[in-house]
Amino acid sequence: MKKLSALFLLTLCLAACGGEKEFSPDDGDMQRAENVTIFESKDSQKKWILRSDEVDFADMNNAILYNPHLLLSENGQPAAEVTGKKGTFDYSSKTVSIEGNARVRSFTEQTNLSTERFFYDVENDRVWSDLPTVVTRGNTTVTARGGIETDSKLLVIEFKKQQTSLPQDIKELQEAAK
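What this report covers is the structure whose coordinates are included nearby. Predicted model, so just to flag it, every value in this text is computed and none were measured. (Residues numbered from 1 in each chain as written. Predicted model: local features only at pLDDT ≥ 70, side-chain atom pairs only at ≥ 80, totals over all residues. Heavy atoms only, no water.)

Another point: the packing of aromatic side chains. Under the definition given, this model contains three aromatic pairs. When the ring of Trp-48 is compared with that of Phe-89, the centres are 6.3 Å apart and the planes differ by 35°; the resulting orientation is tilted. Placement of the pair is Trp-48 in strand S2 (residues 45-56) and Phe-89 in strand S5 (residues 86-90), with a sequence separation of 41 residues. Note on Phe-119 and Trp-128: the rings are 5.2 Å apart at their centroids and 20° apart in plane angle, and the pair reads as stacked. You'll find Phe-119 and Trp-128 in the same group, each marked buried. The ring of Trp-128 carries the charged tip of Arg-126 above its face, separated from the ring centre by 3.9 Å. (Phe/Tyr/Trp six-rings, centres within 6.5 Å; stacked < 30°, edge-to-face > 60°. Helix = DSSP H or I, 4+ residues; strand = E, 2+ residues; numbered from the N terminus. Buried < 20%, exposed > 50% of the residue type's maximum accessible area, 1.4 Å probe, protein only. Lys NZ or Arg CZ within 6 Å of the ring centre and 35° of its normal.)

This part takes up the environment of Gln-31. Summarising the element assignment, Gln-31 is placed in the loop between helix H1 (2-17) and strand S1 (32-42). Residue Gln-31 is classed as partly exposed on the basis of its relative accessible area, which comes to 23%. Counting along the chain gives 25 residues from Gln-31 to Asp-56, while the straight-line C-alpha distance between them is 5.9 Å. Within the structure, Gln-31 has its side chain in polar contact with the backbone nitrogen of Ala-58 (distance 3.5 Å). (Polar contact = N/O pair within 3.5 Å; in protein donor to acceptor, adjacent residues only side chain to side chain.)

Next up on the list: the side chain of Ser-152. Here Ser-152 lies in the loop between strand S10 (140-151) and strand S11 (157-165). One polar contact links Ser-152 to Asp-125, side chain to side chain, over a distance of 2.7 Å. Within the structure, Ser-152 has its side chain in polar contact with the side chain of Lys-153 (distance 2.5 Å). Apart from the residues within four sequence positions on either side, Ser-152 is in contact with Leu-72, Ala-80, Tyr-120, Asp-125 and Val-127. (Contact = heavy atoms within 4.5 Å.)

Let us now look at the nonpolar core. Counting residues in hydrophobic clusters, the biggest one holds 25 residues, and the most contacted among them are Trp-48, Leu-70, Leu-72, Phe-118 and Tyr-120. When contributions to this core are tallied by element, the ones reaching two or more residues are S2, strand S3 (62-74), strand S4 (77-83), strand S6 (95-106), strand S7 (111-121) and S10. Ignoring anything within four residues of it in the chain, the contact list for Leu-72 reads Lys-47, Trp-48, Gln-77, Pro-78, Ala-79, Ala-80, Val-82, Tyr-120, Val-127 and Ser-152. (Core = buried A, V, L, I, M, F, W, Y, C linked by side-chain atoms within 4.5 Å.)

Okay, unusual backbone geometry next. Unusually for a residue other than glycine, Asn-75 sits at a positive phi of about 55°. Even without being a glycine, Asn-101 presents a positive backbone phi close to 55°. The topology assignment puts Asn-101 in strand S6.

We now examine the pairing of S6. Of the strand pairs in this sheet, S4 and S6 are connected by four bridges, and their pairing is antiparallel. Bridge assignment links Val-82 to a residue of S6, and that residue is Val-104. Summarising the sheet, S5 and S6 pair through five bridges and their orientation is antiparallel. Counterpart to Lys-86 in the pairing with S6 is Glu-99. Linking two consecutive strands that pair antiparallel, namely S5 and S6, is a turn of four residues; a positive phi of about 50° is found at Lys-94 within it. Pairing of S6 with S7 involves 10 bridges; the strand directions are antiparallel. When the bridges of S7 are listed, Ala-102 appears paired with Thr-115. Hairpin connection of S6 to S7: four residues between the antiparallel strands, including Gln-110 at a positive phi of 50°. (Pairing = 2+ DSSP bridges.)

Function-wise, these values are silent; they only describe arrangement.
Structure (structure tokens):
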């Protein structure tokens, strides 16, 4: 009986160790993760939170983000969000890029920005674009043909090569100011 138990245990161990191929970290999905959250805190409050449906960590310099959502905070409260279809997180420069129908929405300033690509510099708390960017607040739309640069709260926005569309009449302008 002991020999049969030992033989069964040995067979079980060999079966568990055997397989058709060996493990390799280069295998397809081994460097991908779903529903990833990365964040930075200061004084026990989150400064920014980066969420992504899927992240590819295969590149040693960048993480590739799918459906990224970057939430920027001020004093623990959400200030703005940046969303897009794809992005990267550059480890060395601590820069996030979000592209593909990229949007920034300010909760505090009720301002929306849209372009093909935005960048966020983690160290300097700066958001910018280098492509034509549409800035909308109320009924007023401004197109910065050379992009924009702002802080993460969108308090001060620098327009590069701007073009402005004002409302058709003074009543629309007064409505937007409310």
